[in-house]
Amino acid sequence: MEKISVAVRFRPSTALDLPEDRKWRVEDNRISLHLLDGTPISGVSFAFDHVFDQSSTNATVYDLLIKSIIHAAVNGFNGTAFAYGQTSSGKTFTMNGSEDDPGIIPLAVKDIFHTAQMTTDREFLIRVSYMEIYNEEINDLLTLGNQKLPIHESLERGIFVAGLREEIVNSAEQVFELIKLGEANRHFGETNMNVRSSRSHTIFRMVIESSVKDPISSGDVSNADAIRVSVLNLVDLAGSERIAKTGAGGVRLKEGKHINKSLMILGNVINKLSENGKQRGHIPYRDSKLTRILQPSLGGNAKTSIICTVAPEEVHIEESRGTLQFASGAKRITNCAQVNEILTDAALLKRQKLEIEELRRKLQGSHSEVLEQMILKQRNDMHKSELDRERLAMELEEERKSREALEHCIKEQQKKIDNLTSLANSSSQTRSSAKMADLRNTSDEVIMSQEDVFKTPNFKEKPNDFVVKRSNCSRDLESSPPPDNFANIADEDLWMRLNKGCTTDLDMLQMTPDMKCQSYLSSDISVGLALEEEISNKGRCHSLETECGFNKQLEASKEQCAALERECNLLRGENASLMHGLSMSKQDVELLTAEKEELLKELNIERQKMKDLKEEIHVFSLAFSQREGLLTSLYSKSKAMVENLKASQVPTPELYDC
Ligand code: ADP
Ligand code: MG
């Protein structure tokens with residue numbers, strides 16, 4: 001376990017004779033805020049691993065803070081260095097530097113190649129990538145248009161940005177060319193470069209793979225298959241100032257929110273990590289792309305340095321205090337870095353090793369730069385094909401998953417539709433049976449109400465008899481309506497008129513239905529009539545109420561049915577669009593499969609080319625050794641001839657003169 005190293009760097013002041021009341025003071029590795037008369041302001045004093053004042057150079061920062069991480073990265077440790085601070089505090093100057101004072105990135109790149117060259121017992125494969133996180137989207141800076149890249153995680157590769165271009169490099173100059181390209185892409189379409197640069201995070205990444213060069217002669221046979229793979233991230237973060245200070249609105253405000261969000265999440269992650277191990281709980285790495293990418297560097301398997309840049313001017317004091325507080329939090333994080341050695345095929349070096357070794361062997365003695373370039377190109381092409389294949393495999397997998405999800409969705413929808421259809425059917429059945437029942441009930445009700453009307457208070461049966469009798473008995477007066485016409489009688493007066501003069505002693509009436517009404521033409525008749533009228537009214541009321549209730553029920557079930565039908569239609573529409581989506585995705589899958597096949601073909605062609613190249617090299621070296629043999633034999637022949645000539649000495653002219 002080791003602590004993250006945290007340093008603070010002040011850039012030179014740009015204040016143009018502005019009156020200042022307070023000043024930062026740097027003493028060794030301490031920073032404190034003082035009043036102009038020298039009085040320290042309480043609570044504003046911080047200590048860090050290093051504090052660099054305005055006179056420090058990038059080389060000093062590199063030597064004291066970054067160099068050890070770079071050397072560790074060459075030896076298989078993951079490493080990360082990032083610059084944090086408000087806009088214009090010197091982050092980019094520290095990371096990139098200038099012509100006269102190269103920054104951490106160029107110094108690190110040179111150092112990596114130099115250290116790799118010095119490590120004679122190992123061979124290296126170095127590749128670089130360069131990305132930008134802008135508005136929570138990851139863009140590839142080495143390939144224009146390669147945008148909105150997703151983050152994936154796999155057992156073999158850990159957390160990685162899928163589809164990011166990785167370029168195999170074998171010199172610092174090549175890396176500088178790529179950085180230039182990345183910078184140009186980064187600012188593409190921007191009118192004000194500084195605005196964008198302070199609104200996005202950039203991650204320059206180098207992946208360093210190495211293995212023992214000659215395990216037999218180095219005596220390290222057990223490690224022959226182990227490949228060290230380390231990832232080095234050099235990060236230039238977006239400005240950490242508050243949105244209010246930038247006076248941002250519109251697009252700038254949106255950017256500011258994303259920046260503030262990701263930096264806030266970075267702060268949260270750091271705060272959580274600085275808590276005591278057991279109380280840490282959940283670390284919100286996944287809440288932002290930045291923290292997700294930097295996950296191994298924060299509290300994980302990496303050596304990490306943070307350089308917090310500070311603008312010394314009085315106007316920036318509040319932002320500077322924020323930066324220093326962030327730095328204090330980061331100081332408490334501990335990481336657990338270890339050499340990453342892998343034995344599987346995950347290492348690119350391992351996958352390419354056989355081919356490279358064979359090529360190297362064949363090219364031994366030949367210093368042709370062109371051939372070296374060709375080999376590098378081949379390697380990059382192979383790697384690119386691999387990345388493409390991986391991307392396609394991932395896309396296929398995603399397509400497959402989404403197709404499965406769609407199919408599942410369709411099944412669910414189908415089930416719902418079936419349920420709804422059966423519900424709608426049963427509901428319409430219920431409705432019609434309800435209608436029928438209603439009709440029946442209504443007529444029953446009418447009959448009932450009629451019955452009720454003719455029932456005695458004791459609800460004794462035989463009302464019709466009574467009515468008939470009553471009708472009969474009132475025949476003399478006026479004709480009584482037949483019972484089945486009663487339902488049509490709405491006129492109470494008519495009813496009264498029709499029934500006037502009927503018997504009033506209901507019990508008696510009940511008991512003596514045959515009694516002639518004439519025998520009861522007494523004062524009780526009027527009471528009986530009133531009572532009958534009341535009963536009749538009550539009955540009608542009850543019947544109307546029930547009818548009303550049924551109507552309401554009917555209305556409600558009609559509405560329910562209509563709603564169900566609407567839902568059914570919606571689901572049918574949804575189903576149709578899902579089916580459409582499915583067929584589209586099937587087409588996509590077909591296209592992707594075709595593309596994959598095309599790529600595989602290309603890969604095979606590349607492989608064939610490589611084979612041909614190897615063949616050519618083989619022929620070339622054969623011819624070379626033949627010529628060498630020929631030359632050697634010619635040389636020995638001519639040497640022998642000279643020897644012979646010398647041996648068979650021809651007499652000199654003086655001898656003849658004598
Ligand atoms: P940032 O990336 O934090 O927004 P820059 O790195 O762009 O800030 O710095 C803002 C300005 O200050 C640039 O002109 C840069 O050259 C200058 N600057 C920053 N730090 C230093 C330093 N240590 N020495 C000299 N100039 C610096
Ligand atoms: Mg910058």
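Residues numbered from 1 in each chain as written. Chains lettered and ligands numbered in written order. Predicted model: local features only at pLDDT ≥ 70, side-chain atom pairs only at ≥ 80, totals over all residues. Heavy atoms only, no water.

1. Things to note about helix H1 (residues 58–74)
At step 1: Relative to the 24 Å expected for 17 residues at 1.5 Å per residue, H1 spans just 21 Å between its end C-alpha atoms, considerably shorter than the ideal helical length.
At step 2: Of all the positions in H1, only Asn-58, Val-61, Tyr-62, Leu-65, Ile-66, Ile-69, Ile-70, Ala-72, Ala-73 and Val-74 are classed as buried.
At step 3: Of the residues trailing H1, Gly-76 is marked for its positive phi of about 105°. (Helix = DSSP H or I, 4+ residues; strand = E, 2+ residues; numbered from the N terminus. Expected span 1.5 Å × (residues − 1). Buried < 20%, exposed > 50% of the residue type's maximum accessible area, 1.4 Å probe, protein only.)

2. As for the nonpolar core
At step 1: The biggest cluster of nonpolar side chains holds 43 residues, and the ones touching the most others in it are Val-8, Phe-48, Leu-266 and Ile-306.
At step 2: Grouped together as the second largest cluster of nonpolar side chains are 37 residues, Val-61, Ile-105, Phe-124 and Ala-172 included. (Core = buried A, V, L, I, M, F, W, Y, C linked by side-chain atoms within 4.5 Å.)

3. Quick notes on the pattern of salt bridges
At step 1: Applying the stated criterion to the full structure yields 17 salt bridges.
At step 2: Put simply, Glu-209 and Arg-127 hold a salt bridge, and the shortest N to O gap is 2.8 Å. With Glu-209 in strand E13 (residues 201–212) and Arg-127 in strand E8 (residues 122–134), this pair connects stretches of sequence that are 82 residues apart.
At step 3: Judged by its relative accessible area of 1%, Glu-209 is buried.
At step 4: Taken together, the salt bridges that share partners define one network made up of Arg-127, Glu-166 and Glu-209. (Salt bridge = Lys/Arg side-chain N within 4 Å of Asp/Glu carboxyl O.)

4. Observations regarding helix H3 (residues 104–118)
The α-helix winds at 3.6 residues per turn, so residues separated by three or four positions along the chain end up facing the same way.
At step 1: If you check H3, its first and last C-alpha atoms are 20 Å apart, about what 15 residues at 1.5 Å a residue would give, namely 21 Å.
At step 2: Among the residues of H3, those classed as buried are Ile-104, Ile-105, Pro-106, Ala-108, Val-109, Asp-111, Ile-112, Phe-113, Thr-115 and Ala-116.

5. Focus: the pairing of strand E14 (residues 227–236)
Consecutive side chains along a regular strand alternate between the two faces of the sheet.
At step 1: Within E14, eight of the ten residues are buried, which leaves the element mostly enclosed by the surrounding structure.
At step 2: Both strand E7 (residues 79–84) and E14 contribute to a ladder of five bridges, which runs parallel. Across the sheet, the residue bridging to Ala-83 is Asp-236, located in E14.
At step 3: Here E13 pairs with E14 via nine bridges, running antiparallel. What sits directly across from Met-206, in E14, is Leu-232.
At step 4: In the sheet, E14 pairs with strand E17 (residues 341–342) via two bridges, with the strands oriented antiparallel. (Pairing = 2+ DSSP bridges.)

6. Focus on the UniProt feature "binding site: ATP" (unreviewed entry) in the chain
At step 1: The residues that UniProt annotates with the feature "binding site: ATP" (unreviewed entry) are Gly-85, Gln-86, Thr-87, Ser-88, Ser-89, Gly-90, Lys-91 and Thr-92.
At step 2: The topology assignment puts Gln-86 in the loop between E7 and helix H2 (91–95).
At step 3: Apart from the residues within four sequence positions on either side, Ser-89 is in contact with Arg-11, Thr-309, Val-310 and Ala-311. (UniProt positions renumbered as here; feature names shortened; annotations may be inferred. Contact = heavy atoms within 4.5 Å.)

7. Things to note about a negative patch on the surface
At step 1: Taken together, the side chains of Glu-595, Glu-597, Glu-598 and Glu-602 make up a negatively charged region of the molecular surface.
At step 2: According to the relative accessible area criterion, Glu-598 is partly exposed, its value standing at 44%. (Patch = residues over 30% accessible without salt bridge, like charges linked within 9 Å, V, L, I, M, F, W, Y side chains within 5 Å. Areas by Shrake-Rupley, 256 points an atom, 1.4 Å probe, with all protein chains shown as cover. Lys, Arg positive; Asp, Glu negative; His and termini not counted. Charge placed at Lys NZ, Arg CZ, Asp CG, Glu CD.)

8. Observations regarding the site of ligand 1
At step 1: Near ligand 1 you find Arg-9, Arg-11, Pro-12, Gln-86, Thr-87, Ser-88, Ser-89, Gly-90, Lys-91, Thr-92 and Phe-93, and these make up its full shell.
At step 2: Within the side chain of Lys-91, an N or O atom sits 2.9 Å from an oxygen atom of ligand 1.
At step 3: One of the backbone nitrogen or oxygen atoms of Phe-93 is found 2.7 Å away from an oxygen atom of ligand 1.
At step 4: Summarising the interface, the protein chains cover 65% of the accessible area of ligand 1, which totals 550 Å² for the free molecule.
At step 5: Per-element tally for the shell around ligand 1: the top contributor is H2, with three residues.
At step 6: Class assignment of the residues belonging to the shell around ligand 1 gives a composition of two nonpolar, six polar and three charged. (Near = heavy atom within 4 Å. Polar contact = N/O pair within 3.5 Å; in protein donor to acceptor, adjacent residues only side chain to side chain. Nonpolar A, V, L, I, M, F, W, Y, C, P; charged D, E, K, R; others polar.)

9. Here's the deal with the sheet that holds strand E4 (residues 30–35)
At step 1: Overall, antiparallel pairing links the three strands, which are arranged E3-E4-E5 in an open sheet. Each end of this open sheet is capped by a strand with a single partner; those strands are strand E3 (22–27) and strand E5 (40–47). For this sheet, the mean angle separating the axes of adjacent strands, direction not counted, is 20°.
At step 2: Helix H10 (residues 317–330) contacts E3, E4 and E5 of the sheet and is inclined by roughly 30° relative to E3. (Axes fitted to C-alpha atoms, helices over the stretch in contact; angles between N-to-C directions.)

10. Concerning the side chain of Asp-140
At step 1: Mapped onto the fold, Asp-140 is located in strand E9 (residues 137–140).
At step 2: The side chain of Asp-140 is buried and forms no salt bridge, while Arg-165, the nearest opposite charge, is found at 6.4 Å.
At step 3: There is a polar contact of 2.7 Å between the side chain of Asp-140 and the backbone nitrogen of Arg-165.
At step 4: Each residue touching Asp-140, except ones within four places of it in the same chain, is listed here: Tyr-130, Asn-146, Leu-149, Gly-163, Leu-164 and Arg-165.

11. Concerning the confidence of the model for the chain
At step 1: Chain-level pLDDT for the chain is 76 on average; 69% of the residues reach the 70-or-more range.
At step 2: Here helix H15 (residues 506–511) is the element of the chain with the lowest mean pLDDT, 34, and H3 is the one with the highest, 97.
At step 3: Every residue in residues 442–525 scores below 50 in pLDDT, and together they form 105 contacts with partners more than four places removed in sequence or on other chains. (pLDDT = per-residue confidence, 0-100.)

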